[in-house]
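Analysis of the macromolecular model
Here is how the chains run, residue by residue.
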Amino acid sequence: MKLTGFELRRIELPLVAPFRTSFGVQTGRRVLLVRAVTADAEGWGECVAMADPLYSPEYVDAAEDVMKRFLVPALAAADRLDASRVATVLAPFKGHRMAKCALETALLDAELRAEGRPLARELGAVRDRVPCGVSVGIMDSVPQLLDAVAGYLDQGYVRIKLKIEPGWDVEPVRAVRERFGDDVALQVDANTAYTLADARQLAKLDPFDLLLIEQPLDEEDVLGHAELARLVDTPICLDESITSAATAAAAIRLGACRVVNVKPGRVGGYLEARRIHDVCTAAGIAVWCGGMLETGIGRAANLALAALPGFTLPGDTSASDRYFHTDITEPFVLAGGHIEVPSGPGLGVEPLADRLDAVTTTTEWIAC
Ligand code: OSB
Ligand code: MG
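Scope of this entry: the structure provided in the associated data block.

Conventions and cut-offs
- Residues numbered from 1 in each chain as written.
- Chains lettered and ligands numbered in written order.
- Predicted model: local features only at pLDDT ≥ 70, side-chain atom pairs only at ≥ 80, totals over all residues.
- Heavy atoms only, no water.
- Donors = N, O, S within 2.8 Å, 3.2 Å for Na, K, Ca; no water.
- Helix = DSSP H or I, 4+ residues; strand = E, 2+ residues; numbered from the N terminus.
- Buried < 20%, exposed > 50% of the residue type's maximum accessible area, 1.4 Å probe, protein only.
- Polar contact = N/O pair within 3.5 Å; in protein donor to acceptor, adjacent residues only side chain to side chain.
- Near = heavy atom within 4 Å.
- Areas by Shrake-Rupley, 256 points an atom, 1.4 Å probe, with all protein chains shown as cover.
- Nonpolar A, V, L, I, M, F, W, Y, C, P; charged D, E, K, R; others polar.
- Pairing = 2+ DSSP bridges.
- Contact = heavy atoms within 4.5 Å.

**What about the coordination of the magnesium ion (ligand 2)?**
For a metal with four tetrahedral donors the ideal donor-metal-donor angle is 109.5 degrees, while six octahedral donors give ideal angles of 90 or 180 degrees. For the magnesium ion (ligand 2), every protein donor is listed as Asp189 (OD), Glu214 (OE) and Asp239 (OD), and the spread of their distances is 2.1 to 2.3 Å. Within one chain, the residues serving as donors to the magnesium ion (ligand 2) are arranged as D-x24-E-x24-D. On the criterion of sequence distance, the pair formed by aspartate 189 in strand β7 (residues 186–189) and aspartate 239 in the loop between β9 (236–238) and α9 (245–254) is long-range, its members being 50 residues apart. Assessed through its relative accessible area of 0%, aspartate 189 is described here as buried.

Have a look at this one:
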């Protein structure tokens, strides 16, 4: 492909409700969008880095900086560039996987659009719609949580994930089970808020038949997760710890997880995400597609990934209205607990020009 340049566009979208996790409260999304322009087509990518480095070391201002200073110049200098070579060209620069993912996705979208091929087919999707779960934040009270969960179940979500932290774990889980019964597919996500010393507390979740406990311990404590897995019956799922197919393979080998949350931004792109799917599937480890409160751009790509055969658990691929009053693309809607996988070329969606302009704070064009 022949690169013309990249547009880096910053947008700000309020969330429909504050989203509280063990690492902080979010009331809006500050998103960096990448538009790649090539001689043949244009493509979009969404950088999922948050405003602050609380979930991962990346944050949106740093992602923009590393793109401008290092990543875009490296892509501009590469010869015979295509989307499958992006990761290799950017490999000398350590980390910054969310920034790399956004650039790779924009180029992949452009390439697939030029060839008229949908991303889902390119990745190996086997479904045209995927079952969807929803991630429910920490609330001020149990009654407030039960109202929120009731609303999501009414909408048809097929799986509920409760955010937990010390002091908000067994009680909310018990309350949800008591109110909604044992048939609700239920799991929890601690975002690294516990230590191995909390193993007895986490084992108190065992009677509630949870699908999994996501990332209870520090992201670097893979061995700790392996030890915890021997002390609790609920399957351990890793999110923050899994940054590549290699770290996934190592975590599996150590016995640190029985399930993996695959987030393309966290692992550097959709092609690496597919490799994690392949590694996990070969090892008999279930995977599901995580989320980072994406706009319709990132959501479209996540739905394509979630349609791969190894994604046997519902993902955090919720409908647009779970996050935003107005998305920047046509909204993704939940129907019968599922969302349709886009079938058009590339991501299959584009930002709506008016809507995009209304939420844009800055744009910068970098010619290649
Ligand atoms: O840990 O999965 C997480 C959102 C932002 C950062 C980290 C996480 C989350 C979620 C929400 O749980 C997932 C979503 O609905 O996009
Ligand atoms: Mg998580």
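After that view of the structure, there is still more to cover.
**Regarding the side chain of arginine 9**
Within the fold, arginine 9 resides in strand β1 (residues 3–21). Here glutamate 7 takes part through its side chain, which lies 3.2 Å from a polar atom of the side chain of arginine 9. Among the polar contacts listed, one links the side chain of arginine 9 to the side chain of threonine 360, at a separation of 2.8 Å.

**Some points on the site of ligand 1**
Neighbouring residues of ligand 1: 17 residues in total, closest Ser135, Lys163, Asn191, Leu293 and Tyr323. At a separation of 2.9 Å, an oxygen atom of ligand 1 approaches a polar side-chain atom of lysine 163. A distance of 3.1 Å is found between an oxygen atom of ligand 1 and a side-chain nitrogen or oxygen belonging to aspartate 239. In the complex, 100% of the free accessible area of ligand 1, which totals 390 Å², lies under the protein chains. In terms of residue class, the shell around ligand 1 is built from seven nonpolar, three polar and seven charged.

**Some words on the sheet that holds strand β8 (residues 213–214)**
Spatial ordering of the open sheet is given by β5-β6-β7-β8-β9-β10-β11, a layout of seven strands whose pairing is parallel. Of all the strands in the sheet, just β5 (133–136) and β11 (286–289) have a single pairing partner and so form its edges. Note that β7 and β8 share two bridges and pair parallel. Its bridge partner being in β8, valine 188 is matched across the sheet by isoleucine 213.

**Points about the side chain of arginine 159**
Considering the arrangement of structural elements, one finds arginine 159 in strand β6 (residues 159–163). For arginine 159, the side chain forms a polar contact with the main-chain oxygen of proline 314, separated by 3.1 Å. Among residues more than four places away in sequence, those in contact with arginine 159 are Cys132, Gly133, Val134, Ala185, Gln187, Leu211, Trp288, Pro314, Gly315 and Asp316.

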